[in-house]
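Inside the fold
Chain by chain, the residues:
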Amino acid sequence: MQVKQAPPMTALTFSTATTLSQLNQFVAVIARGLHQEAVRLGVDIMGPIYWTYYGASGDPNNVFQLEIALPVSEEKGKPADFSFRRIDSFKCVAETLDGPWENLGGFYGRFIPQTIQQGHQLSGVVREMYVHMDMAEPANNITEVQLGII
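Our subject in this report is the structure included herewith. (Residues numbered from 1 in each chain as written. Predicted model: local features only at pLDDT ≥ 70, side-chain atom pairs only at ≥ 80, totals over all residues. Heavy atoms only, no water.)

As for the overall build of the chain
Put simply, the rule reads: Every helix listed is a DSSP run of H or I at least four residues long, and every strand listed is a run of E at least two residues long, numbered separately from the N terminus. The globule rule used here is 2.2 Å times the number of residues to the 0.38 power, and the radius of gyration it is set against is calculated over C-alpha atoms. Buried residues are those whose accessible area, probed at 1.4 Å on protein chains only, stays under 20% of the maximum for their type, while exposed residues exceed 50% and partly exposed ones sit between those limits. Contacts are residue-level and defined by heavy atoms, with any inter-residue pair within 4.5 Å sufficient. To be clear on the numbers: accessible area is Shrake-Rupley with a 1.4 Å probe, and residue cover counts the displayed protein chains and nothing else.
Looking only at helices and strands, the chain features two helices and eight strands. Along the chain, helices (α) and strands (β) appear in the sequence β-β-α-β-β-β-β-α-β-β when read from the amino end. For the chain, the C-alpha radius of gyration of 15 Å lies close to 15 Å, the compact-globule estimate for 150 residues. Dimensions of the chain, computed from the C-alpha atoms along their principal axes, are close to 45 × 30 × 30 Å. Taking all 150 residues of the chain together, 43% fall into the buried category. Partitioning the contacts of the chain with sequence separation of at least 6, the portion at a separation of at least 24 is 73%. Total accessible area computed for the chain in this model is approximately 7,900 Å², and 51% of it derives from carbon and sulfur atoms.

Notes on the nonpolar core
The test is simple: The criterion is simple. A nonpolar core is a set of buried Ala, Val, Leu, Ile, Met, Phe, Trp, Tyr and Cys residues joined through side-chain atoms within 4.5 Å.
Counting residues in each nonpolar core, the largest one holds 31 residues, and the members touching the most others are Trp51 and Ile68. Taken together, the elements giving at least two residues each to this core come down to β2 (9-18), α1 (29-41), β3 (50-54), β4 (64-71), β6 (90-98), α2 (104-117), β7 (122-132) and β8 (142-149). Looking at this core, the element that brings in the most residues is α1, giving five residues. Leaving out residues up to four positions away in the same chain, Trp51 has contacts with Leu23, Phe26, Val27, Leu66, Glu67, Ile68, Val126, Arg127, Glu128 and Tyr130. Core analysis: the second largest hydrophobic core is formed by six residues, Met9, Ala69, Ile87 and Met129 among them.

Printed below as a string of structure tokens:
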């Protein structure tokens, strides 16, 4: 577990109100669209995809705000179905999950209590940075989970 201050970034973003039980509809589809839009607009891609959860509680039916972001070099042109946004720096506790995303539930079940036990106060914002995605071999996935802290 590492405490860090993730730097600010300019990103091409998608945002929606959703629930944990509805997340599968966004997997790969939005990332593909963000990459295609960045290429169309002629902006450089500066990092991996981030999923940020604002107000997710762990209840699969609780509605929260989801933002999917692709870091880019600059705001240029007018995105068709997405928006540019400057994302502030992010103070967090980070830990890496190696393997399939199906393991995220158990990972959070361990990571959140451990973070609280170490005296950190959660901000209610959680990010997942998809360092490496392998849809054919999910065991090769590398996901950095970032729990926002105050």
